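What follows is the residue order along each chain.
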Amino acid sequence: MPDQTLSQRLPAFKSYLETSSGLAAITKTRYLDEVKKFVKVAGDPTLEDLTPAALLAWNTALANQRLTHNTNGVKHAAVKKFLDFMDQFEETPQAARLLKALDRLEAPGSKRPKRETRALTELEARRMMAHAFVHPLTGGRDQAIILFLWDTGVRRAELSGLLLYDLDLERRRAKVVGKGDKERLVFFSEECRQQLEWWLEDRELHYPQVQEVDNVFVTLRGTPVRPNEVTSLIRRVAAEAGLQGLVWAHLFRHARITALANSGMNVLDVAKLAGHSNVNTTSKYFHQDLEQVQERYDRALKREEQP
């Protein structure tokens, strides 16, 4: 309805987000919160009363808050999603005009320099596993976490969300939920399977409050391990193992994908295991020597020349 204010459209926008594929649940919640803030700053006008000048004023206010470029980028993405929603379901061209105006505005804020990627070696991972194993409070949990990250290359959130009934120890595989709530299978080694079995025994014996918790990895309080707790665990164990430089969870993922790429696996198979929706993301891990590429090219030519 044209005379509705923006705040009156929020319930419908919420339903629209809930049924949208390709967005993680946490992203949907963040978008709704950011749009609520935008509506408040804009003075809760109707769609027709919302002008490009109002978008410019909002963007200027963001610049004055001195937030990071990434934070403001999320705010821009949320408002764009809101305008997309109204452009699809309104019989007025106003939303399309506003989308064009928003596209002309760059999210303000300084861009953080990219964290320098260091290569995590298997020797370093083994040193971390050895130090994690001797931790008296957590039993075999920390070693199981590190070994599972090393074998599968899953993201922090995927590991923290791993559920007991999605873990198939017999076939050494697990179902994880990645970005956009997309499910995929990952595989792990026999060593990891044994470590998981030991951890699950510890889980029942030493964590009495986990009976109603379905997550594989839990805290001493009996609550699911959160992604930031995975980060803290890795940094603590890396420091205890004497590793130089900052170590974080994504290094395990980078190391695993790189190893799979260099093993000769098909890029599509690696993308499936990594949970990459765009194969171009996976292709960045295929750092093949040009000499090896030429050798394979020459072998292919010889096969073609054979009668």
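One can find the structure itself at the top, above this paragraph.
Keep in mind that what you see is a predicted model, and the values were worked out from it rather than measured.

What counts, and at which threshold
- Residues numbered from 1 in each chain as written.
- Predicted model: local features only at pLDDT ≥ 70, side-chain atom pairs only at ≥ 80, totals over all residues.
- Heavy atoms only, no water.
- Helix = DSSP H or I, 4+ residues; strand = E, 2+ residues; numbered from the N terminus.
- Buried < 20%, exposed > 50% of the residue type's maximum accessible area, 1.4 Å probe, protein only.
- Lys, Arg positive; Asp, Glu negative; His and termini not counted.
- Salt bridge = Lys/Arg side-chain N within 4 Å of Asp/Glu carboxyl O.
- Polar contact = N/O pair within 3.5 Å; in protein donor to acceptor, adjacent residues only side chain to side chain.
- Contact = heavy atoms within 4.5 Å.
- Core = buried A, V, L, I, M, F, W, Y, C linked by side-chain atoms within 4.5 Å.
- Pairing = 2+ DSSP bridges.

J.: How do you make sense of the side chain of R253 when you look at a structure like this?
T.: With respect to the helices, strands and loops of the structure, R253 is situated in helix 11 (residues 249-262). Within the buried core, R253 has no salt-bridge partner, and the shortest N-O distance to an opposite charge, that of E158, equals 4.6 Å. At a separation of 2.8 Å, a polar atom in the side chain of R253 contacts the main-chain carbonyl oxygen of G153. Not counting residues within four places of it along the chain, the set of residues in contact with R253 comprises G153, V154, R155, R184, A274 and H276.

J.: Quick question: what am I supposed to make of the nonpolar core here?
T.: Burial of nonpolar side chains together is a common tendency in soluble globular proteins. In this structure, M128, F148, L167, L196, F217, I234 and F252 are the most contacted members of the largest nonpolar core, which totals 43 residues. If you list the elements that add at least two residues to this core, you get helix 6 (122-133), helix 7 (141-152), strand 2 (173-177), helix 9 (190-206), helix 10 (227-240) and helix 11. If sequence neighbours within four positions are ignored, F217 has contacts with R141, A144, I145, L159, L162, L196, W199, T223, P224 and V225.

J.: Honestly, the pairing of strand 2 in this entry has me stumped. Any pointers?
T.: On any regular strand, side chains alternate: one points to one face of the sheet, the next to the other face. Along strand 2, the buried face is formed by A174 and V176; none of R173, K175 and V177, which line the opposite face, is buried. Pairing between strand 1 (residues 167-168) and strand 2: 2 bridges, direction antiparallel. Across the sheet, L167 pairs through a bridge with A174, a residue of strand 2. For strand 2 and strand 3 (residues 183-187), the ladder comprises 5 bridges, and the chain directions are antiparallel. In the strand pairing of strand 3, K175 is matched with L185. Hairpin geometry of strand 2 and strand 3 is characterised by an intervening segment of 5 residues between the two adjacent antiparallel strands and by a positive phi of about 70° at G180.

J.: Just to check I follow, could you spell out the sheet that holds strand 2 for this structure?
T.: The strands making up a sheet are joined through hydrogen bonds of the backbone, oriented either antiparallel or parallel. Spatial ordering of the open sheet is given by 1-2-3, a layout of 3 strands whose pairing is antiparallel. At either margin of the open sheet sits one strand with a lone partner, and together these are strand 1 and strand 3.

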